[in-house]
Amino acid sequence: MSEEKESRAYKFAKGKGVMNLPNKLTISRMVMIPIFIALFYVQFTGHYFVALAVFAIACLTDLLDGKIARKYNLVTNLGKFLDPIADKVLVLSALVVMLTKPEIFTENANFGNWAIIIAGCGVALILAREIIVSGFRMVAASTGMVIAADIFGKYKTTAQDIAIVILLIGAGVCEICDHIAGTIINYIGLGFFAISVILTVISGINYLVKNREVLKA
């Protein structure tokens, strides 16, 4: 990229004050959360696929805002505050609303009602981990310590996003047509959901163990 083009790109990304492009993308992700929920519940043919499209776009803004902020040195305190909140609320909102549609987790008759019970426990573990780690970071910040994201945290976020996407695809296929493909997709989605829960637990334990001096303080 030439210096002139890079300069124009920088000015475009920077915008005015803290409301630069990365922060606008983060806010747009938060705005898309209620839209996703509404489309998830409104009954029309293919509504799961439309809700999935909104969720996918929201996830894409998560990738873009961080890259743009780092590339053009546009990291702000507002962005540091809003970005993790938007990420967590997006994923947790998707998981919670999916629990209200038991068929998404119980599409496979082999699992029966146990599927929704286990799924509920899994979502509770994910929610608990986010609350515990967020509180842990607040305590660390009060002592002047900064806790960086660990690799397991990144893996669990990716696994959660993949699980939500695949489960929504499976739900959409099963809604439109009673086909074995929907069941197969559902199995795959449940597998990724199980992986995401395991990674969530590992990530939470890893945070506490690696930074246990925070609690000692």
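Predicted, not measured: the structure shown is a model, and the values here were computed from it.

Now for the overall build of the chain. Tallying secondary structure elements over the chain gives nine helices and zero strands in all. N-terminal to C-terminal, the α/β element order of the chain is α-α-α-α-α-α-α-α-α. Taking the contacts inside the chain whose residues are at least 6 apart along the sequence as the reference set, 77% of them involve residues at least 24 apart. Counting only carbon and sulfur atoms, one obtains 70% of the accessible surface of the chain, whose full area is about 12,000 Å².

The next thing to look at is a nonpolar patch on the surface. On the surface, Ile151, Phe152, Tyr155, Ile198 and Ile202 cluster together into a nonpolar patch covering about 450 Å² of accessible area. If one sorts the elements of the nonpolar patch by residue count, helix α7 (residues 151-176) sits on top with three residues. Checked against the element boundaries, Phe152 lands in helix α7.

So, about the packing of aromatic side chains. A complete count under the given rule lists five aromatic pairs for this structure. Here Phe40 and Tyr41 contribute two aromatic rings whose centre-to-centre distance is 5.2 Å and whose plane-to-plane angle is 90 degrees, an arrangement assigned as edge-to-face. Take Phe40: its relative accessible area is 0%, and that puts it in the buried class. Relative accessible area serves as the criterion here: at 34%, Tyr41 is assigned to the partly exposed category.

A few words now on the side chain of Gln160. Along the chain, the position of Gln160 falls in helix α7. When neighbours within four sequence positions are excluded, Gln160 is seen to be in contact with Val91, Ile126, Ser196 and Thr200.

Its 25 residues place the ends of helix α3 (residues 47-71) 36 Å apart at the C-alpha level, agreeing with the 36 Å of an ideal helix rising 1.5 Å per residue. Of the residues flanking the end of α3, it is Asn73, one or two places downstream, whose phi is positive at about 55 degrees.

Our next topic: the confidence of the model for the chain. On average, residues of the chain score 86 in pLDDT, and 88% of them reach the 70 mark or higher. Averaged pLDDT values over the elements of the chain bottom out at 50 in helix α1 (residues 3-14) and peak at 94 in helix α2 (residues 21-41). Note on residues 9-13: pLDDT is under 50 here. Beyond four places in sequence and across chains, it has ten contacts.

The subject of this paragraph is the packing of helix α4 (residues 77-99) against helix α6 (residues 114-142). Packing of α4 against α6 leaves a shortest axis separation of 10 Å and a crossing angle of 160 degrees. When the interaxial angle is binned, α4 and α6 end up roughly antiparallel. Once α4 is placed against α6, the crossing between them reads as left-handed. Here Lys88, Leu92, Leu95, Val96 and Leu99 of α4 lie close against α6, whose contacting residues are Ile116, Ala119, Gly120, Val123, Ile126, Leu127, Glu130 and Ser134.

The next point concerns unusual backbone geometry. Unusually for a residue other than glycine, Asn73 sits at a positive phi of about 55 degrees. Within the element layout of this structure, Asn73 appears in the loop between α3 and α4.

What follows is about the pattern of salt bridges. Counted according to the given criterion, the structure contains seven salt bridges. For Asp62, the salt bridge is made with Arg29, and the minimal N-O distance between the two is 3.8 Å. Of this pair, Asp62 sits in helix α3 while Arg29 is found in helix α2, placing the two residues 33 residues apart along the sequence. Residue class for Arg29 comes out buried when judged on its relative accessible area of 0%. Arg129 is the partner of Glu130 in a salt bridge, and the nearest nitrogen-oxygen pair spans 3.0 Å. Accessibility assignment for this pair places Glu130 and Arg129 in one class, buried. The network of salt bridges with common partners includes Arg29, Asp62, Asp65, Asp83 and Asp87.

About the thresholds
- Residues numbered from 1 in each chain as written.
- Predicted model: local features only at pLDDT ≥ 70, side-chain atom pairs only at ≥ 80, totals over all residues.
- Heavy atoms only, no water.
- Helix = DSSP H or I, 4+ residues; strand = E, 2+ residues; numbered from the N terminus.
- Contact = heavy atoms within 4.5 Å.
- Areas by Shrake-Rupley, 256 points an atom, 1.4 Å probe, with all protein chains shown as cover.
- Patch = residues over 30% accessible without salt bridge, like charges linked within 9 Å, V, L, I, M, F, W, Y side chains within 5 Å.
- Salt bridge = Lys/Arg side-chain N within 4 Å of Asp/Glu carboxyl O.
- Phe/Tyr/Trp six-rings, centres within 6.5 Å; stacked < 30°, edge-to-face > 60°.
- Buried < 20%, exposed > 50% of the residue type's maximum accessible area, 1.4 Å probe, protein only.
- Expected span 1.5 Å × (residues − 1).
- pLDDT = per-residue confidence, 0-100.
- Axes fitted to C-alpha atoms, helices over the stretch in contact; angles between N-to-C directions.
- Parallel < 35°, antiparallel > 145°, perpendicular 65-115°, else oblique.
- Left-handed = near helix turned anticlockwise from the far one by under 90°.

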